[in-house]
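Working through the structure, step by step
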Amino acid sequence: MTAVGAAFGDRLAQAFAERGRLCVGIDPHAHLLADWGLPASAAGVREFGLIAVEAAAGRAGLVKPQVAFFERFGAAGYVALEEVIAAARAAGLLVIADAKRGDIGTSVTAYAESWLTPGSPLEADALTVSAFQGVGSIAEPMRLAEEHGKGLFVLAATSNPEAAVVQQAVVASGPRAGMTVARAIIEDVHEFNQQQPAHAFGTVGLVLGATVDLAAYGIDTDGAPVTPAFPVLAPGFGHQGARVEDAPRLFGTLAPGVIVSESRGLLSAGADGLADAVARRAEEVRVSHG
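First, a word on scope: everything that follows refers to the structure included in this document.

What counts, and at which threshold
- Residues numbered from 1 in each chain as written.
- Predicted model: local features only at pLDDT ≥ 70, side-chain atom pairs only at ≥ 80, totals over all residues.
- Heavy atoms only, no water.
- Axes fitted to C-alpha atoms, helices over the stretch in contact; angles between N-to-C directions.
- Helix = DSSP H or I, 4+ residues; strand = E, 2+ residues; numbered from the N terminus.
- Parallel < 35°, antiparallel > 145°, perpendicular 65-115°, else oblique.
- Left-handed = near helix turned anticlockwise from the far one by under 90°.
- Contact = heavy atoms within 4.5 Å.
- Buried < 20%, exposed > 50% of the residue type's maximum accessible area, 1.4 Å probe, protein only.
- Pairing = 2+ DSSP bridges.
- Nonpolar A, V, L, I, M, F, W, Y, C, P; charged D, E, K, R; others polar.

**A look at the packing of helix H3 (residues 42-56) against helix H12 (residues 270-289)**
- Running from N to C, H3 and H12 cross one another at 30°; their axes reach a closest spacing of 8 Å. Classified by the interaxial angle, the pair formed by H3 and H12 is roughly parallel. The two elements H3 and H12 cross, and the hand of that crossing is right-handed. On the side of H3, the interface is formed by Ile 51, Ala 52, Ala 55 and Ala 56, while H12 contributes Ala 271, Leu 274, Ala 275 and Val 278.

**Some points on the pairing of strand E2 (residues 62-65)**
- Along E2, one buried face is formed by Leu 62 and Lys 64 and the opposite face, lined by Val 63 and Pro 65, is buried too.
- Pairing geometry for strand E1 (residues 22-26) and E2, over 4 bridges, is parallel. Residue pairing across strands places Gly 25 opposite Lys 64, the latter belonging to E2.

**Section: the packing of helix H6 (residues 105-116) against helix H7 (residues 139-148)**
- Two numbers describe how H6 lies on H7: the axes approach to 9 Å, and their chain directions differ by 25°. Taken together, the axes of H6 and H7 are roughly parallel relative to one another. Relative to H7, H6 is oriented so that their crossing is right-handed. On H7, the residues touching Val 108, Thr 109, Ala 112, Glu 113 and Leu 116 of H6 are Glu 140, Pro 141, Leu 144, Ala 145 and His 148.
- Grouping the amino acids of the contact of H6 with H7 by side-chain chemistry returns 6 nonpolar, 2 polar and 2 charged.

Below, the structure written as structure tokens:
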């Protein structure tokens, strides 16, 4: 694998080339813990996460632990999460911490330092963030990501239905006036990526749901390819209904950077069946993306 100090976009490109685009979500829902015969406790989510890491290692390129399912067990849950992240990174997997952090000033900087600083107990390769206060509010996390060879994924067009009323709303003023909120976020992220040194993929990517009609959000997927290409974290495959073979059509010119994220559809295979489920889905994703 490429050295950890390399840019996230370059490491992502190498993960795509070596192990494909599948990202295995690590979401220890209460019902999945029960199905796996694990306790609803910090010890249970730790075991769940380590089993998922072992199943993904060598079969997929990325994992995405959902922080909330660990956080609900307090300090012990965070210790479990630290172990899961460390095990995943030691296994050569890229780790996207799905924490959806967002704030302003020193608060958002502290979030970024927690997840993106080399040597931090929670060090991941990338972090999901919310820019509800404006993309300018995450300027420092974007800077830190570039500095430390990490990545960010900014929520832009998410798959939950209640998001549409905000994300399809039209910006009233400023340089992005007339664009949807989702499109304005994309333009701001693109502007940042263009100002950075050349990487295979941009340092800052997007969260675009695979079940979303992107055109309804003002997002053009029929135009010229974006340079540098966005990393696109695309939840919604499997359990939520999106099909991996449809990803190139759904994302169009954004398809080169699409990370096929699946959680419950894989995790429902159980502890004993997860490795085989990951291997099958990873092959399906490789075939679909050429």
